[in-house]
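Given next are the chains, with one letter for each unit.
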Amino acid sequence: MTISLRNRRAGAAATATALALASLAALAGTASPASASGRVTTAGPATTATALAPEPAAAPKPDSRAASASPAPGDPAAPSALTLPRPTGPYATGRDTLFLTDHERTDPWVPAAGARRLLVSLHYPARPGSGGDPAPYMPEAEARLMLTQRGLDDPEWPGLVAATRTSSRTDARPAPGRFPLVLLSPGFGTPRATLTGLAEELASRGYVVATADHPYESTGTELPDGRVLTCAACDEVDAQPDEAGRRKVLAAVSAGRAADFSFLLDRLTGPRPAWRHARTIDARRVGMAGHSIGGNAAASTMAADRRVDAGVTMDGTFFDPVAARGLDGRPFLMLGTDPGHAPGAGDTSWDEGWARLDGFKRWLTVRDSGHFTFTDTPAIGEQLGIVDPDAPLSAARSTAITRAYVTAFFDRSLRGRPARLLDGPTPAHPEVLFQRP
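Chemist: Describe the overall build of the protein chain, naming the residues involved and giving the relevant values.
Modeler: In terms of regular secondary structure, the protein chain is built from 10 helices and 15 strands. Burial status across the protein chain gives 62% buried among its 437 residues. Contacts in the protein chain between residues at least 24 apart in sequence constitute 78% of all its contacts with a sequence separation of at least 6. Summed over all atoms, the accessible surface of the protein chain reaches about 15,400 Å², with 53% contributed by carbon and sulfur.

Right under this line is the structure:
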């Protein structure tokens, strides 16, 4: 994967899993800044559950495969504002942020930091016309670290990406009713904001969506006090002497996220919920999806926690294998690149995982897609003038496909609705291939 941008630094940041195999990096979606030491900026004890004002703004990540001509600063052709595609469902969307501390667990990557903490964005169906300003995308400090790691050093881009306009409102009143809950987990080395577009779409269609940042597993996670935690887990992967060692650490990342989400479910659906609008969640209907290692975490969480009823991986390698016993008949969707995640292709963990899945299941691959097709990257990268010759699928098609198939799967699995889209190929989405090994 090469970036040929005007400001690329020579040898910018080795990816955490690409030290020996470029294909492993593509499948894992991992990336580690050249100096990603989470031990430099650790945070002290935090409150158990704090509702926060939304974060300052921030950035998604252009794919590390991207190649383009980048507009020069001040160029009139450069975009003045970036926007995410508007959600298509009938509901307006609101967003809250929670800062949670699990006092039962020590942070696995930086034990000196104390208890494990999570930053969580909650998107939810809202009453039209309620709420304040549009929710910001991500802190600029996170945007800068993420872009720099990928060799995208244009000084104007962190601010542009940070100011990306979303469709959700702060302080919006929830729509009446109770809604299924979907948990979202981002790729390794990637901030949670990069799944905002999918979260907003699901919320607009009647889901509460909780997207978690896993500290020390991202290029940058800004805490409420302004301190930024960098990727200590990436350093741990980089320190391994071989592929087997790297895979072992990445398996621990996935299993650790399962513990994060079990804790989050406790705090959202337990007797003293941390979220002010927790009454809108129907705890009997819970799904989980993730990108890259976050998709592996969906399977890991289902294996560890029976409360999660359905799961989706978006181009994620199963470093932590699907449980040998299966998932107790619960449904699972594998949505990935083609040919990279086709049967018998480079990622054999999908062939092995498919054989173990024991409920309703679908294996879909998408022509002309790239590892970050299923995130906000195509929409934001396209507006910045970034193109990826290895993933020519347009932002519009990337967005439409991801939204359509993930929503159809959760509608079927959590709501019992017909989902003909999952029955086979359709002319509306000719890029999507149904694999039946």
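Chemist: Please give an account of the packing of aromatic side chains that cites residues and values.
Modeler: The description of an aromatic ring pair uses the distance of the two centres, along with the angle that the planes make with each other. Following the criterion strictly, the structure yields 8 aromatic pairs and no others. Judged by centre distance (6.0 Å) and plane angle (65 degrees), the rings of Trp350 and Trp363 are edge-to-face. Note that Trp350 is positioned in helix α8 (residues 348-356) and Trp363 in strand β13 (residues 361-367), a separation of 13 residues in sequence. Comparing Trp350 with Trp363 shows no difference in burial state: the two are buried.

Chemist: Outline the state of the cysteines, listing residues and values.
Modeler: Tallied over the full model, the rule gives 1 disulfide. One disulfide bridge connects Cys231 with Cys234, the sulfur atoms lying 2.0 Å from each other. The sign of the 70 degrees torsion about the S-S bond sets the Cys231-Cys234 disulfide as right-handed. Cys234 shares its class with Cys231; the two are buried.

Chemist: If you had to explain the pattern of salt bridges to someone new, which residues and values would you point to?
Modeler: If you walk through the whole model with that rule in mind, you get 22 salt bridges. With its nearest N and O atoms 3.1 Å apart, the salt bridge here joins Glu140 to Arg144. In this pair, Glu140 and Arg144 are both assigned in helix α2 (residues 140-149), 4 residues apart and thus about one turn of the helix distant. What makes Glu140 partly exposed here is its relative accessible area of 36%. Overall, Arg144 belongs to the partly exposed group, its relative accessible area being 41%. Here Asp171 makes a salt bridge to Arg276, at a shortest N to O gap of 3.3 Å.

Chemist: I'd like a rundown of the side chain of His123, residues and numbers included.
Modeler: Locating His123 in the fold gives a position in strand β4 (residues 115-126). His123 gets classed as buried once you look at its relative accessible area, which sits at 3%. The contacts of His123, once residues within four sequence positions are left out, are Gly94, Arg95, Ser168, Thr196, Ala199, Glu200, Ala203, Tyr207, Val208 and Val209.

Chemist: Please set out unusual backbone geometry residue by residue, giving values where relevant.
Modeler: Following Asp338, the chain continues into Pro339 via a peptide bond in cis, with omega recorded as 15 degrees. By the element assignment, Pro339 lies in the loop between β12 (332-338) and α8. The phi dihedral of Asp171 falls on the positive side, at around 60 degrees, and the residue is not glycine. On the secondary structure map, Asp171 appears in the loop between β5 (169-170) and β6 (179-185). Residue Asp171 is classed as exposed on the basis of its relative accessible area, which comes to 52%. The phi angle at Tyr216 is positive, at roughly 70 degrees, despite the residue not being glycine. Secondary-structure assignment places Tyr216 in the loop between β7 (208-213) and β8 (221-222).

Chemist: If you had to explain the packing of helix α6 (residues 243-269) against helix α7 (residues 293-304) to someone new, which residues and values would you point to?
Modeler: In contact at an axis separation of 8 Å, α6 and α7 are set at 55 degrees when each is read in the N-to-C sense. Here α6 lies oblique to α7, going by the angle between them. As for how α6 packs across α7, the hand of that crossing is right-handed. Between α6 and α7, the contacting residues are Leu250, Val253, Ser254, Ala255, Arg257, Ala258 and Phe261 on the first element and Ile293, Gly294, Asn296, Ala297, Ser300, Thr301 and Ala304 on the second.

Chemist: Please set out the packing of helix α4 (residues 196-204) against helix α10 (residues 395-415) residue by residue, giving values where relevant.
Modeler: The geometry of α4 relative to α10 is characterised by a closest axis approach of 10 Å and an angle of 50 degrees between their N-to-C directions. The angle between α4 and α10 falls in the class oblique. The two elements α4 and α10 cross, and the hand of that crossing is right-handed. Facing α4, whose interface residues are Gly197, Leu198, Glu201 and Leu202, α10 presents Thr402, Arg403, Val406, Thr407 and Phe410. Partitioning the contact of α4 with α10 into residue classes produces 4 nonpolar, 3 polar and 2 charged.

Chemist: A description of the nonpolar core should follow, citing residues and the corresponding values.
Modeler: Val120, Leu181, Leu183, Leu264, Leu268, Trp275 and Phe332 are the most contacted members of the largest nonpolar core, which has 40 residues in total. Once residues within four sequence positions are removed from consideration, Trp275 is found in contact with Asp96, Leu98, Leu122, Tyr124, Val208, Arg267, Leu268, Thr280 and Ile281. With 31 residues, the next largest nonpolar core counts Leu202, Tyr207, Leu393 and Phe410 among its residues.

Chemist: I'd like to hear about α8, residue by residue, with values.
Modeler: Buried within α8 are the following residues: Ser349, Trp350, Gly353 and Trp354. Burial along α8 is one-sided: seen end-on, the buried residues are contained in an arc of 135 degrees. For α8, the exposed residues set more than 90 degrees away from the buried face come down to Glu352 and Ala355. The inward-facing, buried residues of α8 abut β11 (310-314), β12 and β13.

Here is what the cut-offs are and how they apply
- Residues numbered from 1 in each chain as written.
- Predicted model: local features only at pLDDT ≥ 70, side-chain atom pairs only at ≥ 80, totals over all residues.
- Heavy atoms only, no water.
- Helix = DSSP H or I, 4+ residues; strand = E, 2+ residues; numbered from the N terminus.
- Buried < 20%, exposed > 50% of the residue type's maximum accessible area, 1.4 Å probe, protein only.
- Contact = heavy atoms within 4.5 Å.
- Areas by Shrake-Rupley, 256 points an atom, 1.4 Å probe, with all protein chains shown as cover.
- Phe/Tyr/Trp six-rings, centres within 6.5 Å; stacked < 30°, edge-to-face > 60°.
- Disulfide = S-S within 2.5 Å.
- Salt bridge = Lys/Arg side-chain N within 4 Å of Asp/Glu carboxyl O.
- Axes fitted to C-alpha atoms, helices over the stretch in contact; angles between N-to-C directions.
- Parallel < 35°, antiparallel > 145°, perpendicular 65-115°, else oblique.
- Left-handed = near helix turned anticlockwise from the far one by under 90°.
- Nonpolar A, V, L, I, M, F, W, Y, C, P; charged D, E, K, R; others polar.
- Core = buried A, V, L, I, M, F, W, Y, C linked by side-chain atoms within 4.5 Å.
- Arc of directions from axis to C-beta.

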